[in-house]
Amino acid sequence: MNANDSKEARLRNSLDIEAEQLDFLRTGFRSEECALIPEDEETEAILSIVLDEAGWEDHSGKDVPPPDFVNHGQHIMLEAMRVDDHERPGDNKGIVNPLKAHESEIIRQYEHEFREMLDMAVDDARLTIIGKTDLPTEEDHGYGMYLDGFRRIVGKHARHAENYRGNYPGYKLVFYVFDESTGYLESTVPIKGEIHEGNRLRGRPHCFFADAAFLNVIRSSNADYFI
């Protein structure tokens, strides 16, 4: 990779880079906020191996057999993916994501300034953009968009699971979802009519791992472990 190629790579939003997504897990992990299902020694061991940088090869975006990361010593492979709650069908039957489009627009608009900042920073500096669409809430994000995006992205990777196993026979497969969804509230009583500012509702935080719709996606993902 020459210097110009390196600069192009550095100018990407770091949240799109699988190694940065995995580093986010490793540096920000807090055991008190982690639910192990099942809570046994094997699951703990797998998590410990993923959190430890040692022994992992980065295969993302390189001319080596996927998935994204492989640990030959532990016979484990990991595929990373990014999910949020902003995706929706586009006008031409494709998928659009206004938030990611806005992040790309910011990079293009301030490309020169960002390059100067990175050139003055340390060699491994990365650019992280967190955009804001300014759309009304119901157009910006929602539970339906979250679930649809989760199904689509996990399903896309699940279709390659057997290829991953063919590349590394006998290795355990981990799917790691870098989840940027907003966070939702489940009402404990049926909601009748529209909700307006000032209304009070009784509810509880939505947990995807206790939501049958999300669990169905996880069960059919063909992964041995799901983070």
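Residues numbered from 1 in each chain as written. Predicted model: local features only at pLDDT ≥ 70, side-chain atom pairs only at ≥ 80, totals over all residues. Heavy atoms only, no water.

Participant: It is not clear to me how the pairing of strand 6 (residues 172–179) should be interpreted in this structure. Could you clarify?
Facilitator: Put simply, side chains in a regular strand alternate between the two faces of the sheet. Summarising burial for strand 6: six of the eight residues are buried, a large majority. Sheet topology places strand 3 (residues 76–83) next to strand 6; eight bridges connect them, and they run parallel. Bridge pairing links A80 to Y176 in strand 6. Bridging between strand 6 and strand 9 (residues 225–226) involves two bridges; their strand directions are parallel. Paired with V174 across the two strands is Y225, which belongs to strand 9. (Buried < 20%, exposed > 50% of the residue type's maximum accessible area, 1.4 Å probe, protein only. Helix = DSSP H or I, 4+ residues; strand = E, 2+ residues; numbered from the N terminus. Pairing = 2+ DSSP bridges.)

Participant: Explanation requested: the side chain of R88 in the structure shown.
Facilitator: As for its position among the elements, R88 is in strand 4 (residues 88–89). There is no salt bridge for the buried R88, and the closest opposite charge comes from D140, which lies 5.8 Å off by N-O distance. Among the polar contacts made by the side chain of R88, one reaches the main-chain carbonyl oxygen of E139 at a distance of 2.5 Å. (Lys, Arg positive; Asp, Glu negative; His and termini not counted. Salt bridge = Lys/Arg side-chain N within 4 Å of Asp/Glu carboxyl O. Polar contact = N/O pair within 3.5 Å; in protein donor to acceptor, adjacent residues only side chain to side chain.)

Participant: Is there a simple way to explain the pattern of salt bridges in this structure?
Facilitator: Where charged atoms of side chains with opposite charge meet at close range, the side chains can pair. For the structure on display, the rule yields eight salt bridges. Between R82 and E103 there is a salt bridge, with its nearest N and O atoms 3.4 Å apart. Separated by 21 residues along the polypeptide, R82 in strand 3 and E103 in helix 4 (residues 98–109) bring together distant segments of the chain. Judged by its relative accessible area of 8%, R82 falls in the buried class. What makes E103 buried here is its relative accessible area of 4%. R165 serves as the salt-bridge partner of E162, at 3.8 Å between the closest nitrogen and oxygen. Here the residue E162 and the residue R165 both occupy positions in helix 8 (residues 161–167), the gap between them amounting to three residues, near one helical turn. When its relative accessible area of 22% is taken as the criterion, R165 is described as partly exposed.

Participant: What am I meant to see in the side chain of D84 here?
Facilitator: Structurally, the position occupied by D84 is in the loop between strand 3 and strand 4. Buried charged residue D84 carries no salt bridge. Nearest counter-charge: K100, at 4.7 Å. A distance of 3.1 Å separates a polar atom in the side chain of D84 from a polar atom in the side chain of N97.

Participant: What is the right way to read helix 2 (residues 18–28) from this model?
Facilitator: It helps to recall that an α-helix has 3.6 residues per turn; residues three or four apart then point in one direction. Of the positions making up helix 2, those classed as buried are Q21, L22, L25 and R26. End-on view of helix 2: buried residues confined to an arc of 135°, all on one side of the axis. Exposed side chains of helix 2 directed beyond 90 degrees from the buried face belong to F24 and T27. (Arc of directions from axis to C-beta.)

Participant: Explain the sheet that holds strand 2 (residues 69–71) here, please?
Facilitator: In sheet architecture, strand pairing relies on hydrogen bonds along the backbone and comes in two forms, parallel and antiparallel. What the five strands build is an open sheet, ordered 1-2-3-6-9; its pairing is mixed. The open sheet has two edge strands, strand 1 (56–58) and strand 9, and neither has a second partner. Strand direction decides the pairing type here: strand 2 and strand 3, joined by three bridges, are antiparallel. Paired with V70 across the two strands is M77, which belongs to strand 3.

Participant: Honestly, the pairing of strand 3 in this entry has me stumped. Any pointers?
Facilitator: Counting buried positions along strand 3 gives eight out of eight residues, so the element sits mostly inside the fold. Side chains I76, L78, A80 and R82 project from strand 3 onto one buried face, and the interleaved M77, E79, M81 and V83 project onto a second face that is buried too. In textbook terms, the turn of a hairpin is the stretch between consecutive antiparallel strands, and for strand 2 and strand 3 this stretch comprises four residues, one of which, H75, has a positive phi near 55°.

Participant: Teacher, can you tell me more about the confidence of the model for the protein here?
Facilitator: Predicted coordinates in regions of low pLDDT should not be interpreted in detail. Confidence along the protein averages 88 in pLDDT terms, with 95% of residues attaining 70 or more. Across the protein, strand 2 holds the top mean pLDDT of 98, while helix 1 (residues 3–10) sits lowest at 46. Of the regions scoring below 50 in pLDDT, residues 1–9 engages in six contacts with residues more than four places distant in sequence or in other chains. (pLDDT = per-residue confidence, 0-100. Contact = heavy atoms within 4.5 Å.)

Participant: Even after reading the chapter, I still don't get the packing of helix 4 against helix 5 (residues 111–120), so can you show me in this structure?
Facilitator: Pairs of packed helices are described in terms of their axes, by the angle between the two and the distance that separates them. Running from N to C, helix 4 and helix 5 cross one another at 75°; their axes reach a closest spacing of 5 Å. In terms of their interaxial angle, helix 4 and helix 5 are classed as roughly perpendicular. Facing helix 4, whose interface residues are I106, I107, R108 and Q109, helix 5 presents E111, E113 and F114. (Axes fitted to C-alpha atoms, helices over the stretch in contact; angles between N-to-C directions. Parallel < 35°, antiparallel > 145°, perpendicular 65-115°, else oblique.)

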